[in-house]
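Examination of the molecular architecture
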Amino acid sequence: MRRLLQPDGSLVEGGCSRLGPEQLVEALRWMLLSRLVDARATALQRQGRFGTHSPVKGQEASVVGSAMALDPAVDWIAPSYRELPALVRHGYPLERILGRSMGRSPAATRIPDGVNVLPNQVALATQLQHAVGLAWGLRLQGRPGVVMAYFGEGAASEGDSHEAMNLAGVRRAPVVFLLMNNQWAISTSREVQSAGQFFRRAEGYGFAGVQVDGNDLLAVFEAATDAVARARAGEGPTLIECVTYRLSFHNTTDNPRRYLPPGWLERAECEDPIPRLEAHLAWLGLWDQGARAALEAEVAEEVEAAVQAALAMPPSRPEDLFDQVYALPPERVRRQRQELLQHVQEP
Amino acid sequence: MRRLLQPDGSLVEGGCSRLGPEQLVEALRWMLLSRLVDARATALQRQGRFGTHSPVKGQEASVVGSAMALDPAVDWIAPSYRELPALVRHGYPLERILGRSMGRSPAATRIPDGVNVLPNQVALATQLQHAVGLAWGLRLQGRPGVVMAYFGEGAASEGDSHEAMNLAGVRRAPVVFLLMNNQWAISTSREVQSAGQFFRRAEGYGFAGVQVDGNDLLAVFEAATDAVARARAGEGPTLIECVTYRLSFHNTTDNPRRYLPPGWLERAECEDPIPRLEAHLAWLGLWDQGARAALEAEVAEEVEAAVQAALAMPPSRPEDLFDQVYALPPERVRRQRQELLQHVQEP
Amino acid sequence: MAERNIVEAIRDGLAFEMERDPRVLVLGLDVGRLGGVFRATEGLLERFGPDRVVDMPLAEGAIVGSSVGLALSGLVPVAEIQFLGFTHQAFQQIGPQLARYRARSYGRFGCQVTIRAPSGGGVRTPEFHPDSIEAQFVQTPGIKVACPATPADARGLLLSAIRDPDPVLFVEPQRLYRQGREEVPEGDVVVPFGRLRVARPGTDVTLVAWSAAVELCLRAAERLAGEGISAEVLDLRTLVPLDVEGLTAAVARTGRAVVVQEAPLSAGFGAEVAATLQEECFFSLDAPVARVAAWDVPYPAASLEGWYLPTVRRVVGAARRTVSV
Amino acid sequence: MAERNIVEAIRDGLAFEMERDPRVLVLGLDVGRLGGVFRATEGLLERFGPDRVVDMPLAEGAIVGSSVGLALSGLVPVAEIQFLGFTHQAFQQIGPQLARYRARSYGRFGCQVTIRAPSGGGVRTPEFHPDSIEAQFVQTPGIKVACPATPADARGLLLSAIRDPDPVLFVEPQRLYRQGREEVPEGDVVVPFGRLRVARPGTDVTLVAWSAAVELCLRAAERLAGEGISAEVLDLRTLVPLDVEGLTAAVARTGRAVVVQEAPLSAGFGAEVAATLQEECFFSLDAPVARVAAWDVPYPAASLEGWYLPTVRRVVGAARRTVSV
Ligand SMILES: Cc1ncc(C[n+]2csc(CCOP(=O)(O)OP(=O)(O)O)c2C)c(N)n1
Ligand SMILES: Cc1ncc(C[n+]2csc(CCOP(=O)(O)OP(=O)(O)O)c2C)c(N)n1
Ligand SMILES: [Mg+2]
Ligand SMILES: [Mg+2]
């Protein structure tokens, strides 16, 4: 398992960081923002004002470190549902993402034109097939993009994950499979998921597989940058397994106390990627209480503004059910739309 | 790639055969029988008296060598559709197999009670999931059986193949995945199928994968025996990739001349496992023209008797449509059965 | 007898069958320590151990496909698919394999397998979780389809499902899981397949439903009663076998029927009910058989589901129109 | 104009679209050098090269799923699934993904994808190859379903399918692939979706069908004509969109209808047709809408298929009974 950053914030022997001071602070900023959104969304959900939320908590280095290897102008993200800061960095405005979970108008919350992000994917591993097709299609058209496809170690058990990776190998599609092994699929532990090592599957598909410390921003960034460079150079896909820990519940409907072994969470919390990156910044002499407070305040303001913007968005309307299902809707569906609108107007 | 038997019939340096003279002749017998059935079934199919046939031709060492590692009293076979001699050896009478393809009564041609063979499987790779469940179930019940599951390198691209192998690893199911890499999936070449090596997938699932010369009966038998022994000892699954060549068409509806590269078939024919095994018997001093002629005559007689027995079986009846679909059929289905039988009786 | 909601009744039914028949085992996602995302298997791991209550890798095809194999080995698997919408991930193993294994082997191998799956909307679940795709399984002969709507039926039909030598898809109404308790027998009390239940008697119009839509129809019938319309509510209980006789006899009595389904209109099981009714009691019908369904669009985000699903108002409207023909 | 059978018409339609629109590419099993197991893509590899005619690894989920991605990238994939029965291996990618991608992204991403698949029985194919499961796709809103029955329609509907910005399942009647030629326009002649075709005019009873069952109905109509019964044959052409207006207008004229499908009876698309007809023209119907279908059992072995599929005799019998009510 590749690691660059020690828990105390120092680099491993001979380790070398590819991120300059500004980028390190940018990364920390995304990570703090993500952590804050998790807290805010959870609170809103408890108040009945937010849909199901799946926190990124604990996995911020994996998400942010991989996303920062991408160029939003040409590269694409095929997300699962636990990659919020990656999407925001890539150009999907935070208020839209929040608004979507708050039942705001789908027109107001959809992915903006020109933002290279696919919709969140709940049907596990299905997005990997789309990612491969998209990457292959870009390549066929001589366009420069690389697709970063996120999935969990649970999703990796689905047939779609195999079919997608095998096809990617055959077509040398410019795609990076970013497997976030956070040790849990709801209550199912990593051992129940597979008897093998996830990153080793790549070899069977004829491309490189690497395992990195997913709580080490520098290691994730390094692996992702290399993979993106390879993909861009026409050298095909890479599977990156980020070994990390889910530090929160699976989602807001879950109660991990029912199944986490005693002490597991406490041990996992020692690996929290945020203090580790802060320690690194401090080790580099770039960090102090003041800097931290300033960044936290900035992030808090941004999140609050996004929440307010989301609340101010127009609500969903009945016709939203119909308006973007078909480009050319069948007559029967048109009639059903009319029927609904009439029905809604009746007392 | 593991190989024991040289093309000239000698053993490789330090190679050692686990098969005694009788077993070698038995193996050759199954292989010749299989080859003859291919010819006979194809001829019958051309006359419109036989359904679609998928020849084993070229793959006899893989099929027979693996099947001979099994104990039909306790072990199971989960076939695809290209393993005829394995099924016959395991106790599914040849005349029944042939009768099935000749439209004879399903009652007369079904797998006999007590014969541990699953039905032929046309929906590629689905049988692997059944094989794992069966193996796991046997283990849960403390029964000694091992399941040998056959599939092609094409079927290995299906999601079912991944899900089944991964589950087998987790449950340490006593199953052997026998991947017959015959280089073709209809017209799709091995390179289009995967950029990786098939046997290497096993490592990703946490169990052993081996690649053997699938035209080398001794090597296949050795690998299969080891795998069966491991499974029986509770050490879990093995993936065996038999590298072999499809020396005939995909099935009787196929015309490989449309897609085989020039010279491919001629080169592949040099690897024919039957002459190789005969050369080995000769090298051991166990084989001559007379012995061959006697064995061929014996096999011919057996095949002919099976064809005649199949022809003498009762034909299918309309009620066969209904009689084994449900153990407890819905009323509507019962009424449909009556309706059909009435309809059939009407002029 | 004890007061139980639907989840409790299912849990109790599972435990009862596991106690009664050592061949029965439960497998699925998170069914062990967690007790299932809806707690339907809570306590079973502790009681029956990890060989009979099995957390599976995250692959629906493997859950169903290995259940086929477990059944071949002589066991009686009860598989849980976390939400009915995710049976699509296992479709190749359900209709063509599980449902047909007896036919494929001409009776040599049966598959005594139950697949349990929560279904239906109205509880603000994420995408794919609320999809009502039960009709798709009626098109794959060989599997039976049970859709209980009450705690007693949930337990009684579950016992029938597990004991049925044929495979059964057991669709559970997630919206009703914890909505209301009723007396549920504790012993060996099965509810047979293929016999509908009169959920509320009535004389003017017959409302036909299954799963959570039965509850909707009961509310509509209440409202209709206030308008002087006596609506009978039929709960089909099982779609396969379909109680054609009970259905046509009941509708022949009122001469008017409204079929209510949570699935989108087109090619839903409501179409089968309407088609069958007009075939079987055409001359007793005073009005066309009406259908109230979700619209022919995908299940929407939570904020839109109230407009998507059939409502009491729409059922009442259809019943009113049907009665006034 | 040229005389073509259905396979030739499809091949010609594919080539025409690939020529017209450089974004169109064809992918599937054995579509390249072999030209597809039915030769529908024969010659395309040579003409358009391996980037536009792509042999895929053997995984239906990847064929459909990567088609979604190819469409997202701006291309227009025409995917071939070797037989409709094997769409079950890709079900999670069809209804919930391909069909819904526009809805899921609220219009940000459409999927202009056509899935072609041969279907239907009567030609002694192995297990799963002849399954008629088209109704299952009608239950997954967002995808259109075309079922041509003639060479001209095969080409004209295929052009419509490929150009439709919505995804289309294009079901091809394998029994009719090479059965009979007709004049097929060579130019840019599309057959629009949602307009049924009167395959044979008649006045006493309306036979409704799609795909290969249309040909069966034509034979039945011929036989009925000999008995003095004038049967009209309607070819629905597309199940989604369904030409409800054309259908009800036609059946209202005769007052009698028989729906014929190759799929098993229960919950087949024939149920939707019957349910719709009785809803829309109840008071014009002189007899119940009859259904003739395969039985509610799995598609059997070749030796049994003659007893399984609907026959001319059964269609004639149903029409006779319907007319005599
Ligand atoms: C196909 C499918 N099956 C089941 C589910 C229900 N489900 C949602 S998340 C989840 C666990 C996913 O675990 P993993 O892939 O490791 O991702 P993580 O949640 O840990 O990020 C499950 C089972 C689903 N969404 N999709
Ligand atoms: C799920 C599925 N998809 C497609 C087919 C059609 N088909 C039958 S055999 C075959 C090729 C199989 O190749 P391989 O697995 O290598 O086995 P082989 O025929 O070489 O023994 C295909 C595509 C099928 N039977 N099942
Ligand atoms: Mg996980
Ligand atoms: Mg092969």
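Residues numbered from 1 in each chain as written. Chains lettered and ligands numbered in written order. Predicted model: local features only at pLDDT ≥ 70, side-chain atom pairs only at ≥ 80, totals over all residues. Heavy atoms only, no water.

Remarks on the overall build of chain A
Along its length, chain A carries 15 helices and 7 strands. The C-alpha atoms of chain A give 21 Å as radius of gyration, which agrees with the globular expectation for 347 residues (20 Å, within 12%). Scored against the burial criterion, the 347 residues of chain A give a buried share of 61%. Taking the contacts inside chain A whose residues are at least 6 apart along the sequence as the reference set, 75% of them involve residues at least 24 apart. Total accessible area computed for chain A in this model is approximately 12200 Å², and 50% of it derives from carbon and sulfur atoms. In chain A, 35 positive and 41 negative side-chain charges are present, and the distance between their average locations comes to 5 Å. (Helix = DSSP H or I, 4+ residues; strand = E, 2+ residues; numbered from the N terminus. Rg over C-alpha atoms; globule rule 2.2 N^0.38 Å. Buried < 20%, exposed > 50% of the residue type's maximum accessible area, 1.4 Å probe, protein only. Contact = heavy atoms within 4.5 Å. Areas by Shrake-Rupley, 256 points an atom, 1.4 Å probe, with all protein chains shown as cover. Lys, Arg positive; Asp, Glu negative; His and termini not counted. Charge placed at Lys NZ, Arg CZ, Asp CG, Glu CD.)

Comments concerning a nonpolar patch on the surface
All names here are of chain A. There is a patch of nonpolar side chains on the surface, built from Trp-283, Leu-284 and Leu-286 and spanning about 280 Å² of accessible area. Position of Leu-284 among the secondary structure elements: in the loop between α12 (273-283) and α13 (289-312). Using a relative accessible area of 39% as the deciding quantity, one classes Leu-284 as partly exposed. (Patch = residues over 30% accessible without salt bridge, like charges linked within 9 Å, V, L, I, M, F, W, Y side chains within 5 Å. Salt bridge = Lys/Arg side-chain N within 4 Å of Asp/Glu carboxyl O.)

Details of the coordination of the magnesium ion (ligand 4)
Residue and element names in this part refer to chain B. The coordination sphere of the magnesium ion (ligand 4), as far as protein atoms go, consists of Glu-153 (OE), Asn-182 (OD1) and Trp-184 (O), spread over 2.1 to 2.3 Å. Summarised as a motif, the one-chain spacing of the donors to the magnesium ion (ligand 4) is E-x28-N-x1-W. Here Glu-153 is found in the loop between β2 (147-152) and α7 (159-171), whereas its partner Trp-184 is found in strand β4 (residues 184-185), with 31 residues between them in sequence. The same class applies to Glu-153 and to Trp-184, which are both buried. (Donors = N, O, S within 2.8 Å, 3.2 Å for Na, K, Ca; no water.)

Quick word on the interface of chain B and chain D
Frequently, the measure chosen for interface size is the accessible area removed from exposure when the parts meet. Taken together, the contact between chain B and chain D spans 38 residues of the former and 34 residues of the latter. Both faces considered, chain B and chain D share a buried interface measuring about 3100 Å² in area, 58% of it formed by carbon and sulfur atoms. On the chain B side of the contact with chain D, B:Arg258, B:Leu321 and B:His343 bury the most area, a combined 22% of that side's loss. The tally of links between chain B and chain D comes to 2 salt bridges. One salt bridge in this structure joins B:Glu346 and D:Arg313, with 3.8 Å as the shortest N-O distance. Summed over the shared surface of chain B and chain D, the number is 11 residue pairs in polar contact (both at pLDDT 80 or more). Elements represented by at least two residues in the side of chain B that touches chain D include exactly α8 (190-193), α14 (320-323) and α15 (331-345) of chain B. At 7 residues, α15(B) tops the list of elements feeding residues into the side of chain B that touches chain D. Across the side of chain B that touches chain D, the residue classes break down as 17 nonpolar, 13 polar and 8 charged. (Buried area = accessible area lost by both parts, 1.4 Å probe. Polar contact = N/O pair within 3.5 Å; in protein donor to acceptor, adjacent residues only side chain to side chain. Nonpolar A, V, L, I, M, F, W, Y, C, P; charged D, E, K, R; others polar.)

Details of the site of ligand 2
Within the structure, ligand 2 sits among 21 residues, and B:Tyr81, B:Arg82, B:Val122, B:Asn182 and D:Glu60 are positioned closest to it. In this structure, ligand 2 is bordered by residues of chains B and D. Measuring from an oxygen atom of ligand 2, one finds a side-chain N or O atom of B:Asn182 at 2.7 Å. In this structure, D:Glu60 approaches ligand 2 through a side-chain N or O atom, which is 2.5 Å from a nitrogen atom. Bound to the protein, ligand 2 loses 96% of the 580 Å² it would expose on its own. Taken together, the residues that form the shell around ligand 2 break down as 11 nonpolar, 6 polar and 4 charged. (Near = heavy atom within 4 Å.)

Points about the environment of A:Gln197
All names here are of chain A. Structurally, Gln-197 can be placed in the loop between α8 (190-193) and α9 (201-205). Given the relative accessible area of 32%, Gln-197 is considered partly exposed. Remark: the alpha-carbon pair of Gln-197 and Glu-241, spanning 44 residues in sequence, is separated by 9.1 Å. One polar contact links Gln-197 to Gln-211, side chain to side chain, over a distance of 3.4 Å.

With respect to the domain arrangement of chain C
Residue and element names in this part refer to chain C. Domain boundaries assigned for chain C yield domain 1 (2-184) and domain 2 (197-324). For domain 1 and domain 2, the distance between their C-alpha centroids amounts to 26 Å. With 25 residues of domain 1 at the contact, the number on the domain 2 side is 24 residues. In total, about 2000 Å² of surface goes out of reach between domain 1 and domain 2, with carbon and sulfur atoms giving 56% of it. Summed over the three residues of domain 1 that lose the most area to domain 2, namely Arg-124, Cys-147 and Arg-175, the buried surface amounts to 22% of that side. Counting every contact that joins domain 1 to domain 2 gives 3 salt bridges. Between Asp-153 and Arg-237 there is a salt bridge, and its shortest N-O distance comes to 2.8 Å. The tally of links between domain 1 and domain 2 comes to 15 residue pairs in polar contact (both at pLDDT 80 or more). Elements supplying a minimum of two residues to the side of domain 1 that touches domain 2: α6 (135-138), β6 (144-146) and α7 (151-163). Per element, the largest residue contribution to the side of domain 1 that touches domain 2 is 3 residues, and it comes from β6. Taken together, the residues that form the side of domain 1 that touches domain 2 break down as 13 nonpolar, 6 polar and 6 charged. (Domains from an automatic or database assignment.)

Some words on the coordination of the magnesium ion (ligand 3)
Residue and element names in this part refer to chain A. Taken together, the protein donors to the magnesium ion (ligand 3) comprise Glu-153 (OE), Asn-182 (OD1) and Trp-184 (O), at separations of 2.1 to 2.2 Å. When the donors of the magnesium ion (ligand 3) are listed by position in the chain, the intervening gaps give E-x28-N-x1-W. Using a relative accessible area of 1% as the deciding quantity, one classes Glu-153 as buried. Owing to a relative accessible area of 8%, Trp-184 belongs among the buried residues under this scheme.

A short note on the relation of the copies chain C and chain D
Overlaying chain C with chain D gives an RMSD of 0.0 Å, the required rotation being 180° about an axis along which the chain moves by 0.0 Å. Within this description, the copies of the chain are treated as partners about a two-fold rotation axis. Taken together, the interface assignments show that 100% of the residues at the interface of chain C recur at the interface of chain D, consistent with an identical surface on both copies. (Least-squares fit on C-alpha atoms with pLDDT ≥ 70 in both.)

Let's talk about the interface of chain C and chain D
Listed as interface residues are 45 residues of chain C and, on the opposing side, 45 residues of chain D. Buried surface at the junction of chain C and chain D, both sides included, amounts to about 4000 Å², of which 58% is carbon and sulfur. Ranking the residues of chain C by area buried against chain D places C:Arg100, C:Gln139 and C:Phe282 at the top, with a combined share of 17%. Between the two partners, chain C and chain D, sit 8 salt bridges. Ionic pairing is found between C:Glu272 and D:Arg291, a salt bridge with its closest N-O pair at 2.8 Å. Taken together, the links from chain C to chain D amount to 19 residue pairs in polar contact (both at pLDDT 80 or more). Elements with a minimum of two residues in the side of chain C that touches chain D: α4 (91-98), α5 (101-104), α6, β13 (257-264) and α10 (269-280) of chain C. The biggest single contributor to the side of chain C that touches chain D is α10(C), with 8 residues. Residues of the side of chain C that touches chain D, tallied by class, amount to 24 nonpolar, 12 polar and 9 charged.

Let's talk about the side chain of C:Gln92
On the secondary structure map, C:Gln92 appears in helix α4. For C:Gln92, a relative accessible area of 6% translates into the label buried. At 3.0 Å, the side chain of C:Gln92 and the side chain of B:Asp160 are in polar contact. If we ignore the near neighbours within four places in the chain, the residues touching C:Gln92 are B:Thr126, B:Asp160, C:Gly61, C:Gln97, D:His88 and D:Gln89.

Comments concerning the pairing of strand β10 (residues 205-209) of chain C
In summary, the side chains of a regular strand alternate between the two faces of the sheet. All names here are of chain C. Across the 5 residues that make up β10, a large majority, 5, are buried. In the sheet, β10 pairs with strand β11 (residues 231-235) via 5 bridges, with the strands oriented parallel. Opposite Val-208, over in β11, you have Leu-234 as the bridge partner. As for the winding sense of the linkage, the β-α-β connection from β10 through helix α8 (residues 213-226) to β11 is right-handed. (Pairing = 2+ DSSP bridges. Right-handed = clockwise from strand over helix to strand, strands pointing away.)

Focus: the side chain of A:His130
Checked against the element boundaries, A:His130 lands in helix α6 (residues 126-140). Within the structure, A:His130 has its side chain in polar contact with the side chain of D:Gln93 (distance 2.8 Å). Sequence-distant contacts of A:His130, defined by excluding residues within four places in its chain, comprise A:Leu118, A:Gln121, D:Gly65, D:Val68, D:Gly69, D:Leu72, D:Gln93, D:Gln97 and D:Tyr101.

Regarding the sheet that holds strand β13 (residues 257-264) of chain D
All names here are of chain D. Strand order across the open sheet formed by 5 strands is β9-β11-β10-β13-β14, with mixed pairing between neighbours. The open sheet terminates on both sides in strands that have one partner only, identified here as β9 (197-200) and β14 (290-294). Along the sheet, successive strands turn relative to each other by an average axial angle of 25°, direction set aside. Pairing of strand β10 (residues 205-209) with β13, which is carried by 3 bridges, proceeds in the parallel orientation. Looking at the pairing, Val-208 lines up with Val-259 of β13. (Axes fitted to C-alpha atoms, helices over the stretch in contact; angles between N-to-C directions.)

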